[in-house]
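Chain by chain, the residues:
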Amino acid sequence: MLIRRKTLSGSTNDDHVAYRDASSRVRRNDMVTDPEARCAYRPVARGANGAVASGHTLATLAGYDVLRKGGNATDAGVAAGVCLCVVEHDRTSFGGVAPIILYDAKSSKVTTISGLGRWPAAVSLDYFRKNFGGKMKAGIATSITPAAMDAWLLALERYGTMSFAEIAQAALAYAEE
């Protein structure tokens, strides 16, 4: 059964069409304006003793499993981040960046780990002006050194309770599958 919905602009084109499948669940091609016709792509997860959120369900589950095994929020966050490099390898990578903000409830202190790469020491603004006309073109010359892995290892060393081998178990399992 096809359900055509008008968008906020009044359009009824096929980009905004929802339909009911044989099981009576509402499916969609794109965002529709009727809340009843919207469909969630990820299950809602609720917990009483902790919370983990990420851009992919499997990464969230990896973090949650770390919490269940006795890890803390830092361990869970790193586990989810490492797992994202496997399950969303088109969006994240070990060669990327991972800025981290940590909050210690006991001391009410916020700590950050940059997690951002660095430019080579020999690079300057004059270098880019001279060699690239002042424009930042894509390519190796404008790339920073990877920093995600360093940030995760530093976070585990300073604030974690588990080893990298322990938190990386889910990511390794997903990579093998």
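Before reading further, recall that the structure is shown in the block above.
Residues numbered from 1 in each chain as written. Predicted model: local features only at pLDDT ≥ 70, side-chain atom pairs only at ≥ 80, totals over all residues. Heavy atoms only, no water.

### Thoughts on the packing of helix 2 (residues 73–87) against helix 4 (residues 148–159)
Here is step 1 of the chain: Contact pair helix 2 / helix 4: the axes reach a minimum separation of 9 Å and the direction vectors enclose 160°. The angle between helix 2 and helix 4 places the two elements in the roughly antiparallel class. Where helix 2 crosses over helix 4, the two elements pack in a sense that is left-handed. Taking contact as the criterion, the partners of Thr 74, Asp 75, Val 78, Gly 81, Val 82 and Cys 85 in helix 2 are, on helix 4, Trp 152, Ala 155, Leu 156 and Tyr 159. (Axes fitted to C-alpha atoms, helices over the stretch in contact; angles between N-to-C directions. Helix = DSSP H or I, 4+ residues; strand = E, 2+ residues; numbered from the N terminus. Parallel < 35°, antiparallel > 145°, perpendicular 65-115°, else oblique. Left-handed = near helix turned anticlockwise from the far one by under 90°. Contact = heavy atoms within 4.5 Å.)

### Some thoughts on the state of the cysteines
Here is step 1 of the chain: Within the structure shown, the criterion is met by 0 disulfides.
Here is step 2 of the chain: The cysteine Cys 85 is free of any disulfide, with Cys 83 supplying the nearest cysteine sulfur at 9.0 Å. (Disulfide = S-S within 2.5 Å.)

### So, the pattern of salt bridges
Here is step 1 of the chain: Counted under the stated rule, the structure contains 3 salt bridges.
Here is step 2 of the chain: Residue Asp 126 is joined to Arg 129 by a salt bridge in which the shortest nitrogen-to-oxygen separation is 3.2 Å. Of the two residues, Asp 126 and Arg 129 are both situated in helix 3 (residues 125–132); the distance of 3 residues between them amounts to about one turn of the helix.
Here is step 3 of the chain: Owing to a relative accessible area of 54%, Asp 126 belongs among the exposed residues under this scheme.
Here is step 4 of the chain: The exposure class assigned to Arg 129 is exposed, which follows from its relative accessible area of 52%. (Salt bridge = Lys/Arg side-chain N within 4 Å of Asp/Glu carboxyl O. Buried < 20%, exposed > 50% of the residue type's maximum accessible area, 1.4 Å probe, protein only.)

### What about the side chain of Thr 74?
Here is step 1 of the chain: Among the structural elements, Thr 74 can be located in helix 2.
Here is step 2 of the chain: Using a relative accessible area of 11% as the deciding quantity, one classes Thr 74 as buried.
Here is step 3 of the chain: With near-sequence residues (within four places) excluded, Thr 74 lies in contact with Leu 102, Ala 155, Leu 156, Tyr 159 and Gly 160.

So far we have only geometry, and geometry alone does not tell us how the molecule works.
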